Amino acid sequence: MPLRPRAGSLGACSVVQPHSISKGNLLVFISNAFAQAAPAAAAAPESSLLSMLPLVLMFVVLYFVMIRPQMKRQKEHKAMIEALGPTGGPVAILHFKQAESCRLRVQGFREVLDAHNTTASGKVSIVTELEGGAARDTSFKATEDALQAHQGLKGIFAINDPSALGANAALEKAGKDKAVIVVGFDGQPEGLEAIAQGKVYADPVQFPDRMGREIVAAIIAHSRGEAVRPEILIPTSLVRKA
């Protein structure tokens, strides 16, 4: 797959809890907000931007409540197995447990490794799981700690691109950037550039444009009284060095 930055790629894990708001209450709230905003907009054209706020709110909330990328069995898991080859080896996770989406990514990573290890001769074992903060600096320090504790480390799964870049910086400092594989997530421009330079092995990329289309389709379906799935999973695509 060619390396191309995707406009609007999500750069960090969401910290919004998707089941904390009911769709019924949400739509009633939005309808009331429209009713209140409409007279003001008609009386004052300059307030038209304010009248759009309910629509923006609806878009943002529906994104987190109804539509999330498919994160539980993502392709970065297979990418790590592919990168390590038949011998497998010990790997570390740079986590961000505050975000549900990141917890799903790690859960999926563990599930795929478990399935792989049931039949493979070369096992891929998770030897440590450290807080990376979804940030470069925190992940840099966490990677240094992982390298010190596990001299034979072969791979690092980072839950987003900043974490992956922080891990790579620590590996370069330790002179182990060629010996330890880094797999990131999100496909931000800086992450794709790191893949092109051989600093990160691969990145699953999300598709905000498809998320937007699914949001609009769900809103239209709900307005027609049609059933709407409580969760819509959006597949990703894996980007590796060409």
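Further up the page is the structure itself.
Everything numeric here is computed off the predicted structure, so don't read it as measured data.

1. Quick notes on the overall build of the protein chain
Of regular secondary structure, the protein chain possesses nine helices and eight strands. Per-residue burial over the protein chain gives 46% buried out of 242 residues. A fraction of 77% describes how many contacts in the protein chain between residues 6 or more apart in sequence connect residues 24 or more apart. Approximately 12,000 Å² of the protein chain is accessible, and the part contributed by carbon and sulfur atoms is 60%.

2. Regarding the pattern of salt bridges
Applying the stated rule across the entire model yields seven salt bridges. Put simply, E129 and K97 hold a salt bridge, and the shortest N to O gap is 3.5 Å. Of the two residues, E129 is situated in strand 3 (residues 124–131) and K97 in the loop between strand 2 (89–95) and helix 5 (100–117); the sequence distance between them amounts to 32 residues. Between D145 and K141 there is a salt bridge; the shortest N-O distance is 2.9 Å. With a gap of four residues between them, D145 and K141 both fall in helix 6 (residues 136–149), about one helical turn apart. Assessed through its relative accessible area of 46%, K141 is described here as partly exposed. Each of K97, R110 and E129 takes part in a single network of salt bridges with overlapping partners.

3. As for the packing of aromatic side chains
The geometry of two aromatic rings is summed up by the distance between their centres and the angle between their planes. Per the stated rule, a full pass over the model turns up one aromatic pair. For the cation-ring pair, R105 lies above F185, with the distance from its terminal atom to the ring centre recorded as 3.7 Å.

4. Considering the pairing of strand 4 (residues 155–158)
Taking every second residue as pointing to the same face, both faces of strand 4 are buried, with G155 and F157 on one and I156 and A158 on the other. In terms of strand pairing, strand 4 meets strand 5 (residues 181–183) through three bridges, oriented parallel. Note on strand 5: the bridge partner recorded for I156 is V182. What joins strand 4 to strand 5 is helix 7 (residues 161–174), and the crossover it makes is right-handed.

5. Concerning helix 9 (residues 208–223)
Its 16 residues give helix 9 an end-to-end C-alpha distance of 23 Å, which sits within 8% of 22 Å, the value for a rise of 1.5 Å per residue. Remark: G225 follows helix 9 within two positions and exhibits a positive phi of approximately 80 degrees.

6. With respect to unusual backbone geometry
One non-glycine residue, A134, adopts positive backbone phi at about 55 degrees. Mapped onto the fold, A134 is located in the loop between strand 3 and helix 6. Using a relative accessible area of 14% as the deciding quantity, one classes A134 as buried.

7. Focus: the packing of helix 6 against helix 7
Contact geometry of helix 6 with helix 7 gives a least axis separation of 7 Å together with a crossing angle of 45 degrees. With respect to their mutual orientation, helix 6 and helix 7 come out oblique. Here helix 6 runs over helix 7; the crossing is right-handed. Here helix 6 contributes R136, S139, F140, T143, E144 and L147 to the contact with helix 7, which in turn contributes P162, S163, L165, G166, A167, A169, A170, L171, K173 and A174. Class assignment for the residues of the contact of helix 6 with helix 7 results in nine nonpolar, four polar and three charged.

Reading guide: rules and limits
- Residues numbered from 1 in each chain as written.
- Predicted model: local features only at pLDDT ≥ 70, side-chain atom pairs only at ≥ 80, totals over all residues.
- Heavy atoms only, no water.
- Helix = DSSP H or I, 4+ residues; strand = E, 2+ residues; numbered from the N terminus.
- Buried < 20%, exposed > 50% of the residue type's maximum accessible area, 1.4 Å probe, protein only.
- Contact = heavy atoms within 4.5 Å.
- Areas by Shrake-Rupley, 256 points an atom, 1.4 Å probe, with all protein chains shown as cover.
- Salt bridge = Lys/Arg side-chain N within 4 Å of Asp/Glu carboxyl O.
- Phe/Tyr/Trp six-rings, centres within 6.5 Å; stacked < 30°, edge-to-face > 60°.
- Lys NZ or Arg CZ within 6 Å of the ring centre and 35° of its normal.
- Pairing = 2+ DSSP bridges.
- Right-handed = clockwise from strand over helix to strand, strands pointing away.
- Expected span 1.5 Å × (residues − 1).
- Axes fitted to C-alpha atoms, helices over the stretch in contact; angles between N-to-C directions.
- Parallel < 35°, antiparallel > 145°, perpendicular 65-115°, else oblique.
- Left-handed = near helix turned anticlockwise from the far one by under 90°.
- Nonpolar A, V, L, I, M, F, W, Y, C, P; charged D, E, K, R; others polar.

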